[in-house]
Amino acid sequence: MQKIESVKEFGGYLNRYRHDSDRCRCRMTFSVYLPPQAEQAPVPAVYWLSGLTCTDDNFRVKAGAQRYAAELGLALIIPDTSPRGRDVPDAGDCYDLGQGAGFYLNATRQPWSKHYHMYDYVTGELPALVEAELPLVPGLKSISGHSMGGHGALICALKNPDSYRSVSAFAPICNPVQCSWGEGCFSAYLGDEPAAWEAWDATCLIQSGAVPPPLLIDQGTADEFLATQLFPQNLQAACESHRVPLTLRLQEGYDHSYHFIATFIGEHLAWHADALRG
């Protein structure tokens, strides 16, 4: 775990690291914000999963989350969105497949299956690494994300409800088996059998009986992808049918951008902090 950047912010440090990943079989980059409280004792962590085309840099630069994390005593763990490198398969000019579009699943179809294991990376390898090397409370974590990363946060929490104290998302892809983003990636990464896709779909997981930790979703009503890619109403219906508590907030006039995230990230982190303290 090689530190390649360190910047002081709000009394803490925003660090960037590289390491060789066993699960993704390439060199991975991730960022960590350690609040000032981490100089005195280990702190809990919130994992942030970013969306299509992003790296770890988008959130740490655009969201304004470090100020709130410093006030709340939270570490922020910010992985990349996919494996990367010259030897890692990509899809050329296709922004929603390949590098930058790992979809937080474990690929089973060639050529993707050698490297694209972002689910194992986010839920297993990365937490084990950072908890061993940094002043974090082992196992005390929550998870959040945006768009494809919101999808990732939901499935990580649904598949591992005892691993996270809470889960939140901004404009998540709630029912990817029903949208073109999900269909394109799932068919490439998992094959053509839709039954295999449902294991990586939050709405399908809830319909199958999975129960997440406390769940908060913010969705902008002016989001350009709301009607065609995101389908929060499907997730809401599944939660209502299976009596799964869900706080779904429709935020009037907000779009899909980091302006939306920056507006409400403080509320999300405070909500996670309460769950982590509890």
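Preceding this paragraph is the structure being described.
A brief look at the structure comes next. One numbering rule holds for all chains: residues counted from 1, following each sequence as written. Only residues with pLDDT of 70 or above have their local features reported here, since the model is predicted, and side-chain atom pairs are shown and tallied only from 80 upward, although totals for entire chains, interfaces and linings are computed over all residues. Water and hydrogen atoms were dropped before computing side-chain values, which therefore reflect all heavy atoms in the structure.

If you tally the helices and strands in the chain, you get 10 helices and 9 strands. Along the first, second and third principal axes, the C-alpha set of the chain runs to 50 × 40 × 35 Å. Classification of the 278 residues of the chain by burial places 58% in the buried group. Across the chain, every contact between residues at least 6 apart in sequence was considered, and the portion connecting residues at least 24 apart equals 71%. Computed by Shrake-Rupley with a 1.4 Å probe, the accessible areas treat only the displayed protein chains as cover when residues are assessed. For the chain, the exposed surface amounts to about 11,100 Å²; the carbon and sulfur share of it is 47%. His is not counted here, nor are the chain ends, while Lys and Arg score as positive and Asp and Glu score as negative. Charged side chains are reduced to one point each, which is NZ for Lys, CZ for Arg, CG for Asp and CD for Glu. If the 20 positive side-chain charges of the chain are averaged to one point and the 31 negative ones to another, these points end up 7 Å apart. Counting from the N terminus, the helices are the DSSP runs of H or I reaching at least four residues and the strands are the DSSP runs of E reaching at least two. Accessibility here uses a 1.4 Å probe with only protein chains present; expressed as a share of the type maximum, an area under 20% marks a residue as buried, one over 50% as exposed, and anything in between as partly exposed. A contact between two residues is defined here by any heavy atoms of the two lying within 4.5 Å.

Glancing now at the packing of aromatic side chains. Ring geometry is summarised as follows: Phe, Tyr and Trp rings, the Trp one being its six-membered ring, pair when their centres sit within 6.5 Å, and such pairs are stacked at plane angles under 30 degrees, edge-to-face over 60 and tilted between the two. In this structure the tally under the stated criterion is 14 aromatic pairs. Ring centres of W48 and F170 lie 5.9 Å apart, and the angle between their planes is 55°; this geometry places the pair in the tilted category. Taken together, the residues W48 in strand β4 (residues 43-49) and F170 in strand β7 (residues 167-170) connect sequence positions 122 residues apart. A ring pair is formed by F260 and F264, whose centres lie 5.8 Å apart and whose planes are at 70°; its orientation type is edge-to-face.

Roughly 200 Å³ of volume is contained in the largest pocket. Lining the largest pocket are 13 residues, with L52, T53, C54, H146 and H256 positioned closest to its centre. Broken down by class, the residue content of the lining of the largest pocket amounts to 6 nonpolar, 6 polar and 1 charged. Cavities and pockets are found on a 1 Å grid laid over the protein atoms alone: a cavity is a set of points where a 1.4 Å probe fits but cannot escape, a pocket is an open set with protein on both sides within 12 Å along at least five of seven lines, and a lining residue has an atom within 4 Å of such a point. Grid points are joined across faces, edges and corners, and a volume is the space filled by probe spheres set on the points. Note that Gly is not counted as nonpolar here; it falls among the polar residues with everything else outside the nonpolar set of Ala, Val, Leu, Ile, Met, Phe, Trp, Tyr, Cys and Pro and the charged set of Asp, Glu, Lys and Arg.

All right, on to the nonpolar core then. We call a set of buried Ala, Val, Leu, Ile, Met, Phe, Trp, Tyr and Cys residues a nonpolar core when their side-chain atoms join them within 4.5 Å. Formed by 93 residues in total, the largest nonpolar core has its most connected members in F59, L76, F103, I143, F186 and Y189. At 8 residues, the largest contribution of residues to this core is made by helix α10 (residues 258-277). Not counting residues up to four positions away in its chain, the partners in contact with Y189 are L97, G98, A101, G102, F103, L105, A107, T108, R109, W112 and Y116.

Looking now at unusual backbone geometry. Residue P111 follows Q110 across a cis peptide bond; omega there is 0°. One can find P111 in the loop between β5 (75-79) and α3 (118-133). In the Ramachandran plot, F10 falls in the positive-phi region, its phi being about 50° despite a non-glycine side chain. Even without glycine at this site, F231 takes up a positive phi of about 55°. Relative to the helices and strands, F231 is located in the loop between α8 (226-230) and α9 (232-241).

With that settled, consider the pairing of strand β1 (residues 2-9). Sheet analysis places β1 next to strand β2 (residues 12-21), joined by 7 bridges and oriented antiparallel. Looking at β2, one finds that E9 is bridged to G12. A pair of strands is treated as paired once DSSP finds two or more bridges between them. Counting the residues that bridge the hairpin from β1 to β2 gives 2 residues, and of these F10 lies at a positive phi of roughly 50°.

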